[in-house]
Amino acid sequence: MNRKATLLLPAAGVALLASCASHYSLAGIERTRILVDSRYDSHPDEEAAAFMAPYKRSVDSLMSPVAGHCAEYMASHRPESNLSNLFSDILVWGAAPFNEKPDFGVYNMGGIRAAFGKGAVTYGDILDAAPFENKICFLTLSGQKVKELFEQMAARGGEGVSHGVRLVITPQGKLLSASVGGKPVDPQRSYRIATLDYVAEGNDGMTAFKSKTHVVSPQGTDANIREFIIKYFRAQEAAGKPVDTKEEGRITIKP
């Protein structure tokens, strides 16, 4: 009797799992960020807090200074957002010290990890938004490859592009039209692009970048993307201007 039970139970379990699995399928994946604050530690450990205090003071001294101010709340989302527009524009703005004149800039949405609130923006806020050690990178793509790049962006529902780029895509991720500087992408010409070194390697689905030529990829600390964002905020602050970048139809969805 026991032997029969031993033999039959695994078979019954397999049949049960098979029948259960047939009723379910993956419909989608969503993610969100959870702010970890005092709500999750209503009774902090005093000894641990005392141990961390000198380190907290050191970190706060580096992260608390204000780099500038935002005129409004800024966040990243597809197909276009004020924050992805800002970061893409900063790539073009930061090209001058390298004697570069990009036709446009590309910033991947996945590289933007936090939003900026309206008002003061600290160094720590910028570190949260751009936490990776990515460097600025300049490269050249043929017009044909630029069109391919824009098709890949369309398939992803949009990525960050600088002022002057206009893409029209379908809800299904097909590219309907693309222009740079008010002119349709010309397959016969070359385009100079500013982006992140990570993206330049063809990551985040933008494999057209693997065909890049004439690459300039500075590796010094001053080439860190985060440094350009800080410098831009400081420059705007020195000029008495809040940072204020709008959505302007750089990427639009049309049925």
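In what follows, the structure referred to is the one given above.
A brief report on the enclosed structure follows. (Residues numbered from 1 in each chain as written. Predicted model: local features only at pLDDT ≥ 70, side-chain atom pairs only at ≥ 80, totals over all residues. Heavy atoms only, no water.)

**Quick notes on the overall build of the protein**
Then comes step 1: Regarding its fold elements, the protein presents seven helices and eleven strands.
Then comes step 2: Considering only contacts in the protein between residues 6 or more positions apart, those separated by 24 or more positions represent 77%. (Helix = DSSP H or I, 4+ residues; strand = E, 2+ residues; numbered from the N terminus. Contact = heavy atoms within 4.5 Å.)

**Some points on the sheet that holds strand E10 (residues 213-216)**
Then comes step 1: A sheet is described by the order of its strands in space; here five strands give the open sequence E5-E2-E9-E4-E10, paired in mixed fashion. The sheet terminates laterally at strand E5 (160-161) and E10, the two strands that pair on one side only.
Then comes step 2: Two strands pair when backbone bridges link them, and strand E4 (residues 136-142) and strand E9 (residues 190-196) are joined in this way by seven bridges, in the antiparallel orientation. Counterpart to Cys137 in the pairing with E9 is Thr195. (Pairing = 2+ DSSP bridges.)

**Some thoughts on unusual backbone geometry**
Then comes step 1: In this model, Arg78 is joined to Pro79 through a cis peptide bond whose omega is 5°.
Then comes step 2: Looking at where Pro79 falls in the secondary structure, it is placed in the loop between strand E1 (66-70) and helix H3 (82-93).
Then comes step 3: Although it is not a glycine, Asp204 sits at a positive phi angle of roughly 55°.

**Concerning the nonpolar core**
Then comes step 1: In terms of nonpolar packing, the biggest core is built from 54 residues, with Phe87, Phe104, Phe116, Leu149, Phe150 and Phe233 touching the most fellow members.
Then comes step 2: The element that contributes the greatest number of residues to this core is helix H7 (residues 225-238), accounting for six residues.
Then comes step 3: With sequence-adjacent residues up to four places away left out, Phe150 is seen in contact with Phe104, Val165, Leu167, Leu175, Ala178, Val180 and Val185. (Core = buried A, V, L, I, M, F, W, Y, C linked by side-chain atoms within 4.5 Å. Buried < 20%, exposed > 50% of the residue type's maximum accessible area, 1.4 Å probe, protein only.)

**As for the side chain of Ser179**
Then comes step 1: Note that Ser179 resides in strand E7 (residues 175-180).
Then comes step 2: Here Ser179 is in contact with Gly164, Val165, Arg166, Pro184 and Val185, once residues within four sequence places are set aside.

**Regarding the sheet that holds E7**
Consider a sheet: its strands pair through backbone hydrogen bonds, and that pairing is either parallel or antiparallel.
Then comes step 1: The mixed open sheet is built from four strands, whose spatial order is E8-E7-E6-E11. Both outer strands of the open sheet, strand E8 (183-184) and strand E11 (251-253), are each paired with one neighbouring strand and no more.
Then comes step 2: With three bridges connecting them, strand E6 (residues 165-169) and E11 associate as parallel partners. If you follow Val168 over to E11, its bridge partner there is Thr252.
Then comes step 3: The sheet strands contacting helix H5 (residues 143-155) are E6 and E7, and the helix crosses E7 at an angle near 130°. (Axes fitted to C-alpha atoms, helices over the stretch in contact; angles between N-to-C directions.)

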